[in-house]
Amino acid sequence: MILRGAEASELAAVLELWQRAAENDSRPPDTPAAIESLLARDPDALILAIDNGEIVGTVIAGWDGWRCHLYRLAVAPHRRRAGIGGRLIAAAEDRFRRLGATRADAMVLDANDDAHGAWAAHGYQRQDNWSRWVKPLR
Ligand SMILES: CC(C)(COP(=O)(O)OP(=O)(O)OC[C@H]1O[C@@H](n2cnc3c(N)ncnc32)[C@H](O)[C@@H]1OP(=O)(O)O)[C@@H](O)C(=O)NCCC(=O)NCCS
């Protein structure tokens, strides 16, 4: 298995994986244009785990120059509990360190118990004294 940045030709396959593997509640819809926009701004942000030509996992390691944030951590259902999520998180953290970031964070749904276990196993702790405040722009 290799981990590498996504290429433009792979966006449809990434969207298909997210449909069946990602946390999809309470968020803006994913579109090809949205990923193209991400890669135009930061070509290395979307990291894929590829095994035998199949995309088996993803994470977006987003860095805005001030803070970093993890999005779209997802592993194909038939490949879970084999360390792929951990490798993706480690790759994202390596990227953040190279860019000079000092802390990684991720938004996680309160009801997503599977994700809680995975984040905790990789050293992340829930921060109970903060809440996210949001406003739709469209
Ligand atoms: C969360 C997710 C990415 C984890 O990927 P993964 O490849 O299975 O994770 P890993 O194999 O690296 O897991 C490492 C450790 O995390 C913990 N963990 C992972 N999945 C877990 C689960 N469902 N329940 C409890 N602990 C879990 C375990 O400690 C595990 O070690 P173990 O398998 O030796 O017990 C995967 O379950 C997934 O894609 N879920 C749906 C999408 C999602 O919710 N993404 C997170 C959005 S915030």
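Up top is the structure.
Fair warning: this is a prediction, and the values are worked out from it, not measured in the lab. Residue indices follow the written sequence of each chain, beginning from 1 at its first position. For a predicted model such as this one, the threshold for reporting local features is a pLDDT of at least 70, and the threshold for listing and counting side-chain atom pairs is 80 or more; totals across whole chains, interfaces and linings nevertheless cover every residue. Think of the side-chain values as coming from all heavy atoms in the structure, minus any hydrogens and water.

**Examining the overall build of the chain**
Here is step 1 of the chain: Put simply, DSSP marks the helices as runs of H or I at least four residues long and the strands as runs of E at least two long, and each gets a number from the N terminus on. Helices and strands together make up the secondary structure of the chain, namely four helices and four strands.
Here is step 2 of the chain: Listing each helix as α and each strand as β along the chain from the N terminus yields β-α-α-β-β-β-α-α.
Here is step 3 of the chain: Radius of gyration here uses only the C-alpha atoms, and the compact-globule reference equals 2.2 Å multiplied by the residue count raised to the power 0.38. Rg of the C-alpha trace for the chain: 14 Å, near the compact-globule value of 14 Å for 138 residues, within the 12% margin.
Here is step 4 of the chain: Here the C-alpha coordinates of the chain stretch approximately 45 × 35 × 30 Å along the principal axes.
Here is step 5 of the chain: Burial classification: accessible surface area is computed with a 1.4 Å probe over protein chains only, and a residue below 20% of its type maximum counts as buried, one above 50% as exposed, and the rest as partly exposed. The 138 residues of the chain split such that 36% are buried.
Here is step 6 of the chain: Should any heavy atoms of two residues lie within 4.5 Å, those residues are considered in contact. Long-range pairs, those at least 24 residues apart, make up 60% of the contacts in the chain between residues at least 6 apart in sequence.

**Some thoughts on the sheet that holds strand S4 (residues 68-75)**
Here is step 1 of the chain: Paired strands, in this sense, are two strands between which DSSP finds at least two bridges. Spatially, S1-S2-S3-S4 is the arrangement adopted by the four strands of the open sheet, whose pairing is antiparallel. Since the sheet does not close on itself, it has two edges, and those belong to strand S1 (2-5) and S4, each with one partner. Adjacent strand axes in the sheet meet at a mean angle of 20 degrees when their direction is disregarded.
Here is step 2 of the chain: Taken together, the four bridges between S1 and strand S2 (residues 46-51) define a ladder with antiparallel strand orientation. Opposite Leu3, over in S2, you have Ala49 as the bridge partner. Only C-alpha atoms enter the line fits that serve as axes; for helices the fit covers just the stretch in contact. Angles between N-to-C directions range over 0 to 180 degrees.

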